[in-house]
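The lines below spell out each chain.
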Amino acid sequence: MTTAAQEWSSPPVDRVMVEARAAALGCRSIKTDAKRVGLGLAISMMDLTTLEGADTQGKVLALCRKAIQPDVRRPSVGPVAAVCVYPSLVRVARAALAGSPVRVASVATAFPSGQSALEVKLEDTRRAVGDGAHEIDMVIDRGAFLSGELGRVADEIAQVKTVCGAAHLKVILETGELGSYDNIRRASDLAIAAGADFIKTSTGKIEPAATPASTLVMLEAIRDHFFRTGIRIGMKPAGGVRTSKQALHYLVLVKETLGDDWLTPELFRIGASTLLNDVLMQLAKLEGGAYEAAEYFTRD
Amino acid sequence: MSIKLATSQPPAPSRRELRFGAAWPYSPAKEGTGPVRLRERYEHFIGGERRAPEGGVYYATVSPATEEPLAEVARGDEADVERAVHAARQAFEPWSRLPGLERGKYLFRIARAIQERARELAIVESMDGGKPIKESRDFDVPQAAQTFFYYAGWADKLTHAFHGRPVRPLGVAGQIIPWNFPLLMAAWKLAPALACGNTVVLKPAETTPLTALLLSEIIEAAELPPGVVNVVTGFGDAGAALVRHPGVDKVAFTGSTAVGKQIQKALAGTRRRLTLELGGKGAHLVFQDAPLDQAVEGVIQGIFFNQGHVCCAGSRLLVEESIADALLVKLKARIQTLNVGDPLDKNTDIGAINSKEQLERIQALVAAGEAEGAERYSAPLPVKERGYFFPPTVFTRVAQSSRLAQEEIFGPVLSVLTFRTESEAVEKANNTFYGLSAGIWTNKSARVFDLAGKLEAGVVWGNTYNQFDPSSPFGGYKESGFGREGGRQGLASYLHVG
């Protein structure tokens with residue numbers, strides 16, 4: 001795919017109205033059964049993530065254990081959808097998760113900046129897939145995007161997709177660096193056209209990371225693609241989602257924008273490192289009627 | 001009696017259709033009615049006292065969502081109006097001589113009391129009128145308080161309102177308000193009238209008297225001098241008596257154009273002043289370059305806010321033909337996500353139709369539209385044993401000459417028409433005897449400003465809809481009425497400007 005910048009035309013986005021709509025969906029009142037089911041969904045859709053320079057084998061092993069069984073006292077809770085790690089730790093995660101349904105996702109393509117030669121990005125991806133990653137979370141080249149080289153961005157996505165083979169490709173737009181909802185929409189359309197299986201808001205390394213409004217813009221791009229082609233693209237807000245309330249807000253956004261078919265880990269994920277314990281705490285509260293002390297939940 | 005509505009069944013899921021349904025249903029999230037203590041029976045509020053109706057007649061005000069009676073309310077007649085106008089006349093002289101600063105203090109006190117009793121007022125508004133609690137909680141009640149705050153600020157600055165020209169109050173204002181925003185319309189009427197030094201006889205709509213009566217309790221507790229505000233509840237005959245009464249110096253009416261015309265005839269040849277805020281048939285103009293998803297949101301807000309019981313509702317959707325299909329796909333998907341049901345549920349988007357009469361009127365116009373050949377699409381409606389409900393409905397292939405495009409439906413019914421050029425859009429938008437509101441959806445801001453001057457509508461919104469603020473004047477062109485409410489302009493309706 002080598003499409004020139006001027007050939008990309010995406011519908012405009014009105015900032016005020018999209019933010020108002022996203023905020024309005026945050027006012028849904030999620031109680032009792034709906035809350036229990038919603039929190040369960042949130043866990044099943046979680047990409048439990050560790051992306052630090054200090055990541056080690058031990059840290060990843062602990063996270064994988066948590067992914068399979070988030071709460072030892074409540075064995076029916078979990079597992080999460082995937083564990084997301086750097087490429088160098090894919091093998092460790094694969095081994096730790098062997099026999100479980102939890103997928104291994106790996107960031108790639110010179111995460112988080114994307115500022116590297118295409119060959120390096122492709123090799124990065126190739127190795128992660130070779131080491132057993134089920135899913136690749138690539139970053140787009142924001143420098144290229146913002147300088148108008150949209151064709152180059154699309155090209156890179158298409159080539160990474162080829163290298164991914166059977167692995168699922170999530171394309172990180174890094175919405176916090178794109179500067180406008182129009183750009184978020186354009187980048188979403190571009191990533192989808194270039195072969196993304198999922199589009200993802202953020203690396204988690206830049207503020208703002210995921211926001212309800214940027215997520216809504218991306219969901220609208222997914223919806224338009226579905227109306228055009230019948231193909232369902234997945235969505236992953238990531239970064240900054242720390243509370244159950246936020247997670248439920250994102251679920252409401254999906255439910256009321258794309259509907260029932262997207263309420264599955266196949267098509268919706270939440271990327272988070274600290275969200276899980278808050279969800280476990282809320283579930284325990286629904287069960288027991290009171291909040292349990294933070295010490296009851298493992299720090300991993 | 002329960003009303004069963006024929007609704008179209010949800011279409012079978014096909015390859016490109018979104019499904020909104022059972023995957024993750026919201027649990028009931030009902031607002032508790034704990035803060036509400038309704039009395040069994042409400043009298044008029046005249047001369048600072050609760051006064052039983054002269055005729056001894058009371059009627060029941062009913063919850064449109066359950067058809068259960070909520071309370072008995074005095075049914076006013078000519079004698080009650082006579083007493084109320086007399087009380088208002090008595091109170092006028094001292095009230096109008098009070099320094100503006102002092103009048104302002106009373107208004108501030110009312111505004112704060114509305115905030116303090118906000119939750120109770122919101123719940124009662126939803127119980128009596130059928131509107132979703134999220135709207136009464138987040139719109140009606142806060143806006144009502146804000147209106148009092150705003151005009152409280154004007155009370156001591158009236159001489160500065162019209163470039164230094166001297167001003168004096170009109171006298172007794174007879175104010176007749178509708179059932180769609182009962183508390184807010186009471187605030188829109190009372191606050192400027194009182195700030196300007198007038199006294200008032202307020203006649204709430206017969207189906208929704210309760211929040212105006214609660215407001216009269218607030219006014220009483222604020223120790224407003226007796227007779228400055230009087231509330232006479234009842235039906236159209238009480239309103240007519242108020243309009244005819246020679247002791248009323250000014251009539252302010254919000255309601256239907258038909259009644260507005262009767263009032264104007266009744267006042268012809270008298271020196272009594274009149275402002276009318278009447279019906280509407282607002283148009284959305286959606287151009288090819290519009291931010292389409294946000295336009296859909298605006299259209300949804302524009303027509304389904306308060307079940308479409310809004311005089312400035314965007315009930316006509318004029319869409320550029322080249323994007324009509326794409327817009328309709330989105331619109332039909334979107335209306336499936338509207339939750340229709342219990343007004344007190346916090347997740348309800350569309351509550352109950354205000355009354356049986358209004359429901360029947362909507363049904364009749366919808367039937368007429370179907371008979372005229374328009375294509376109907378209604379979202380599925382949950383089965384209700386009781387109450388007055390109507391599903392969000394969109395009509396396509398509506399002709400300009402159709403009743404759907406001409407008459408005010410005042411319900412959750414949208415008529416879709418197409419246009420080819422900008423000038424055709426303006427022509428169609430203006431081709432109605434109403435002229436209250438319009439919305440323009442385009443990515444070209446220059447077009448918004450250009451068309452705002454060409455549309456015959458009292459309010460034109462650009463890439464948004466139904467935005468209100470007490471500082472912004474509101475009112476109509478043509479048969480949507482005259483006079484402005486809100487803002488500095490709203491003062492002119494209650495003052496002689498020298």
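Before going into details, it helps to say that this report is about the structure given with it. Not measured: the values here are computed from a predicted model.

## Some words on the overall build of chain A
Working step 1: If you tally the helices and strands in chain A, you get eleven helices and eight strands.
Working step 2: Summarising its shape, the C-alpha atoms of chain A cover approximately 60 × 45 × 30 Å along the three principal directions.
Working step 3: In chain A, which comprises 300 residues, the proportion classed as buried is 57%.
Working step 4: Taken as a whole, chain A presents about 11,300 Å² of accessible surface, with 52% of it coming from carbon and sulfur.
Working step 5: Both charge centroids of chain A, one from 35 positive and one from 35 negative side chains, sit 5 Å from each other.

## What about unusual backbone geometry?
Working step 1: In this structure, the amide linkage connecting A:Phe111 to the following residue, A:Pro112, adopts the cis form with an omega of 0°.
Working step 2: Inspection of the secondary structure assignment puts A:Pro112 in the loop between β3 (103–108) and α5 (118–130).
Working step 3: Following A:Glu207, the chain continues into A:Pro208 via a peptide bond in cis, with omega recorded as -10°.
Working step 4: The phi dihedral of A:Glu174 is positive, around 50°, even though this residue is not glycine.
Working step 5: Mapped onto the elements, A:Glu174 comes out in the loop between β5 (168–172) and α8 (181–194).
Working step 6: A:Glu174 gets classed as buried once you look at its relative accessible area, which sits at 0%.
Working step 7: A positive phi is found at B:His163, a non-glycine position, where the angle reads about 55°.

## Comments concerning the packing of α8(A) against helix α9 (residues 212–229) of chain A
Each packed pair of helices is defined by two parameters, the angle between the axes and the distance between the axes.
Residue and element names in this part refer to chain A.
Working step 1: Running from N to C, α8 and α9 cross one another at 40°; their axes reach a closest spacing of 9 Å. Considering their axes alone, α8 and α9 lie oblique with respect to each other. Classified by chirality, the crossing of α9 by α8 is right-handed. When α8 is examined against α9, the residues Tyr181, Ile184, Arg185, Ser188, Asp189 and Ile192 are found in contact with a partner set consisting of Ala213, Ser214, Val217, Met218, Glu220, Ala221, Ile222, Asp224 and His225.
Working step 2: When the residues that make up the contact of α8 with α9 are grouped by side-chain class, the tally is eight nonpolar, three polar and four charged.

## A few points about the packing of helix α13 (residues 422–430) of chain B against helix α14 (residues 445–454) of chain B
Residue and element names in this part refer to chain B.
Working step 1: Orientation of α13 relative to α14, taken along the N-to-C sense of each, is 40°, at an axis distance of 11 Å. As summarised for this structure, α13 and α14 are arranged oblique, according to the angle between their axes. The chirality of how α13 crosses α14 is right-handed. Each of Glu422, Val426 and Asn430 in α13 lies in contact with α14, whose residues at this interface are Arg447, Asp450, Leu451 and Lys454.

## Some remarks on the environment of B:Gln467
Residues and elements named next belong to chain B.
Working step 1: Along the chain, glutamine 467 falls in the loop between β18 (459–462) and β19 (481–482).
Working step 2: In this structure the C-alpha to C-alpha distance between glutamine 467 and glycine 302, which are 165 residues apart in sequence, comes to 9.8 Å.
Working step 3: Only 3.1 Å separates the side chain of glutamine 467 from the side chain of threonine 464, close enough to count as a polar contact.

## Some words on the layout of surface pockets
Working step 1: A volume near 1,000 Å³ is recorded for the largest pocket.
Working step 2: If you go around the largest pocket, you meet 41 residues; those closest to its centre are B:Trp179, B:Phe253, B:Gly255, B:Ser256 and B:Val259.
Working step 3: Elements represented by at least two residues in the lining of the largest pocket include exactly α7 (236–244), β10 (250–254), α8 (257–267) and α11 (356–371) of chain B.
Working step 4: At seven residues, the largest contribution of residues to the lining of the largest pocket is made by α8(B).
Working step 5: Within the lining of the largest pocket, the residues separate by chemical class into 18 nonpolar, 14 polar and nine charged.
Working step 6: Taken as a whole, the second largest pocket encloses approximately 860 Å³ of empty space.
Working step 7: Along its surface, the second largest pocket is lined by 28 residues, and A:Ala20, A:Ala24, B:Lys134, B:Gln301 and B:Phe305 are the ones closest to its centre.
Working step 8: Among the elements of the structure, α1 (15–25) of chain A together with α4 (133–154) and α9 (292–304) of chain B are those that each provide at least two residues to the lining of the second largest pocket.
Working step 9: Each residue belonging to the lining of the second largest pocket can be placed in one class, and the counts come to 13 nonpolar, five polar and ten charged.

## What about the interface of chain A and chain B?
Working step 1: The interface is formed by 39 residues belonging to chain A together with 37 residues belonging to chain B.
Working step 2: In total, chain A and chain B occlude about 3,100 Å² of area from one another, counting both sides; carbon and sulfur atoms represent 53% of this.
Working step 3: Ranking the residues of chain A by area buried against chain B places A:Met17, A:Arg28 and A:Phe227 at the top, with a combined share of 21%.
Working step 4: Our count for the chain A to chain B interface comes out at six salt bridges.

## Describing helix α7 (residues 150–164) of chain A
Working step 1: Relative to the 21 Å expected for 15 residues at 1.5 Å per residue, α7(A) spans 21 Å between its end C-alpha atoms, a close match to the ideal helical length.
Working step 2: Next to the buried residues of α7(A) lie α5, β4 (135–139), α6 (142–146), β5 and α8 of chain A.

## With respect to α9(A)
Note on helix geometry: an α-helix contains 3.6 residues per turn, so any two residues three or four positions apart are oriented the same way.
Residues and elements named next belong to chain A.
Working step 1: In this model, α9 (18 residues) spans 25 Å end to end at C-alpha, consistent with the 26 Å of a helix rising 1.5 Å per residue.
Working step 2: Counting buried positions along α9 yields 15 of 18 residues, so the element is predominantly enclosed.
Working step 3: Looking at the residues trailing α9, positive phi occurs at glycine 230, about 80°.

## Some details on the packing of aromatic side chains
All names here are of chain B.
Working step 1: All chains considered together, the criterion is met by 20 aromatic pairs over all chains.
Working step 2: Where phenylalanine 139 meets phenylalanine 305, the ring centres are 5.2 Å apart and the plane angle is 85°; that geometry is what we call edge-to-face. Placement of phenylalanine 139 in helix α4 and of phenylalanine 305 in the loop between α9 and β13 (316–320) is noted, with a sequence separation of 166 residues between them. Each member of the pair, phenylalanine 139 as well as phenylalanine 305, is classed as buried.
Working step 3: With a centroid separation of 4.6 Å and an interplanar angle of 45°, the aromatic rings of phenylalanine 433 and tyrosine 434 are classed as tilted.
Working step 4: On the basis of relative accessibility, which here comes to 8%, the residue tyrosine 434 falls in the buried class.
Working step 5: An aromatic cluster of at least three residues, connected via ring pairs, comprises Phe139, Phe181, Trp188, Phe305, Trp461, Tyr465, Phe468 and Phe474.
Working step 6: One Lys or Arg, lysine 250, reaches over the ring of tyrosine 494 and ends 4.7 Å from the middle of that ring.
Working step 7: The ring of phenylalanine 389 is capped by lysine 384, whose NZ or CZ atom sits 5.3 Å from the centre of that ring.

## Structural notes on the pairing of strand β12 (residues 283–286) of chain B
Residues and elements named next belong to chain B.
Working step 1: Here β12 shows no split at all, with Ala283 and Leu285 on one side and His284 and Val286 on the other all buried.
Working step 2: Pairing between β12 and β13: four bridges, direction parallel. Paired with valine 286 across the bridge in β13 is valine 319.
Working step 3: Remark: the β12/α9/β13 crossover connection has right-handed handedness.

Calculation notes
- Residues numbered from 1 in each chain as written.
- Chains lettered and ligands numbered in written order.
- Predicted model: local features only at pLDDT ≥ 70, side-chain atom pairs only at ≥ 80, totals over all residues.
- Heavy atoms only, no water.
- Helix = DSSP H or I, 4+ residues; strand = E, 2+ residues; numbered from the N terminus.
- Buried < 20%, exposed > 50% of the residue type's maximum accessible area, 1.4 Å probe, protein only.
- Areas by Shrake-Rupley, 256 points an atom, 1.4 Å probe, with all protein chains shown as cover.
- Lys, Arg positive; Asp, Glu negative; His and termini not counted.
- Charge placed at Lys NZ, Arg CZ, Asp CG, Glu CD.
- Axes fitted to C-alpha atoms, helices over the stretch in contact; angles between N-to-C directions.
- Parallel < 35°, antiparallel > 145°, perpendicular 65-115°, else oblique.
- Left-handed = near helix turned anticlockwise from the far one by under 90°.
- Contact = heavy atoms within 4.5 Å.
- Nonpolar A, V, L, I, M, F, W, Y, C, P; charged D, E, K, R; others polar.
- Polar contact = N/O pair within 3.5 Å; in protein donor to acceptor, adjacent residues only side chain to side chain.
- 1 Å grid on protein atoms, 1.4 Å probe; cavity = no way out; pocket = protein on both sides within 12 Å on 5 of 7 lines; lining within 4 Å.
- Points joined across faces, edges and corners; volume = space filled by probe spheres on them.
- Buried area = accessible area lost by both parts, 1.4 Å probe.
- Salt bridge = Lys/Arg side-chain N within 4 Å of Asp/Glu carboxyl O.
- Expected span 1.5 Å × (residues − 1).
- Phe/Tyr/Trp six-rings, centres within 6.5 Å; stacked < 30°, edge-to-face > 60°.
- Lys NZ or Arg CZ within 6 Å of the ring centre and 35° of its normal.
- Pairing = 2+ DSSP bridges.
- Right-handed = clockwise from strand over helix to strand, strands pointing away.

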